[in-house]
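In case you want the letters, here they are:
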Amino acid sequence: MTHEPTPDSTGPRARFGAEMRRLREAAQLSQAAVASRLGCTQTQVSRLEMAKRTPSKSDAEKLDQIFGLSDRQYFVGLYRRIASRPGGPGWFLGWVEEIEPSAVVLRSWDPLLVPGLLQTEPYARELFRQEPRITDDEVEARVHARMQRRQIIDRDDPPMILVLFDAGVLRRHVGSREVMRDQLGYLLEIATHPAISIQVVDPRCLPGLAGAFMIAELPNGEPETVHADSPAEGHVSSDPNLVTSIRNRYEAIRLWAYPEHESLRMIEEVKQEWT
């Protein structure tokens, strides 16, 4: 079953899609013609126009070129309105709203933190509170958005979620000792879910030092898509070369992972240290 996000008919993404369609029709261009210039499929153009897909900055820049609006940066301006939403950066909205809910398998690696999908609310709140120049309202909006991602776990047909994270994550102090104890307790609890596998990775694993990432395996023959993290702007891509590179790195990291039963024993032991 495909789980489409419900488009916001009044939000900046809907405005982007409506303007894209209006200008395309005024220029007497088909969706296929625009797709060829954007370097995507006609289906993806349709989803952009219906606000079911979050545009990238590259999409906005190319649309400004197609419709002769580069001087005004019209679509770039609309994109910035999407990216300014408090629930998270624009580049990540596409992952959360389109890729993650559609995935049949999600593979993740994190060298520094408990991955977002498995964070407790207090753990996530403490992380967001440390962001520079962030307001209390923005913190709460981001915490809410992060907790909303858990809905895919509660579905009747959740994706398989295969989690790898560095052993140092268990002792990295985020918030109070109670926050850490409850976070590790939640990992032990959620690990009983039949669709979730958690493995701790030996800290000597050097291939994992390049940074966090996620790999989404999608249905119906759609290409795998990766989300590679960075402090400034993450990258979401289905480019075959990048996907292959990330998959190879994931397998190299997995070789350093402890078996699941051993990983859960380690989590339980470190949880007791936080009492």
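Criteria and thresholds
Here, residues in each chain are numbered from 1, in the same order as that chain's written sequence. Only residues with pLDDT of at least 70 are given local features in this predicted model, and only at 80 or more are side-chain atom pairs given and counted; all residues enter the totals for whole chains, interfaces and linings. Hydrogens and water are ignored here; the side-chain numbers use all heavy atoms of the structure. Strands are runs of DSSP state E lasting at least 2 residues, helices are runs of H or I lasting at least 4, and numbering of each runs from the N terminus. Type-normalised accessible area, obtained with a 1.4 Å probe on protein chains alone, sets the label of each residue: buried when under 20%, exposed when over 50%, and partly exposed for intermediate values. In this analysis, two residues are considered to be in contact whenever any of their non-hydrogen atoms come within 4.5 Å of each other. Here the accessible surface of atoms and residues is derived via Shrake-Rupley with a 1.4 Å probe, and residues count as covered only by protein chains that are part of the display. What makes a salt bridge here is a side-chain nitrogen of Lys or Arg within 4 Å of a carboxyl oxygen of Asp or Glu, nothing more. Known as pLDDT, the predictor's confidence for each residue is given on a scale from 0 to 100.

Attention now moves to the overall build of the protein. Scanning the protein from N- to C-terminus turns up twelve helices and six strands. Residues counted as buried form 48% of the 275 residues belonging to the protein. Of the contacts made within the protein by residues no fewer than 6 positions apart, 72% connect residues no fewer than 24 positions apart. Per element, the accessible surface of the protein, about 14,100 Å² overall, is 49% carbon and sulfur.

What follows is about the environment of Gln31. If you trace the backbone, Gln31 turns up in helix H2 (residues 31-38). The sequence separation of Gln31 and Val45 amounts to 14 residues, and the corresponding C-alpha distance is 6.2 Å. Residue contacts for Gln31: discarding those within four places in its chain leaves Arg24, Gln42, Val45, Ser46 and Glu49.

Moving on, we come to the pattern of salt bridges. This model, assessed by the stated rule, comprises 16 salt bridges. A salt bridge links Arg24 to Glu49; the shortest N-O distance between them is 2.6 Å. Here the residue Arg24 occupies a position in helix H1 (residues 12-26), and Glu49 occupies one in helix H3 (residues 42-49), the gap between them amounting to 25 residues. Across the pair, exposure class does not vary: Arg24 and Glu49 are buried alike. Arg53 is the partner of Asp59 in a salt bridge, and the nearest nitrogen-oxygen pair spans 3.8 Å. There is no split in this pair, since Asp59 and Arg53 are both buried. One network of salt bridges, in which partners are shared, links Glu121, Arg125 and Glu140.

On average, residues of the protein carry a pLDDT of 88, and 90% of them reach 70 or more. With pLDDT under 50 throughout, residues 1-8 is counted as low confidence; its partners more than four residues away or in other chains account for twelve contacts.

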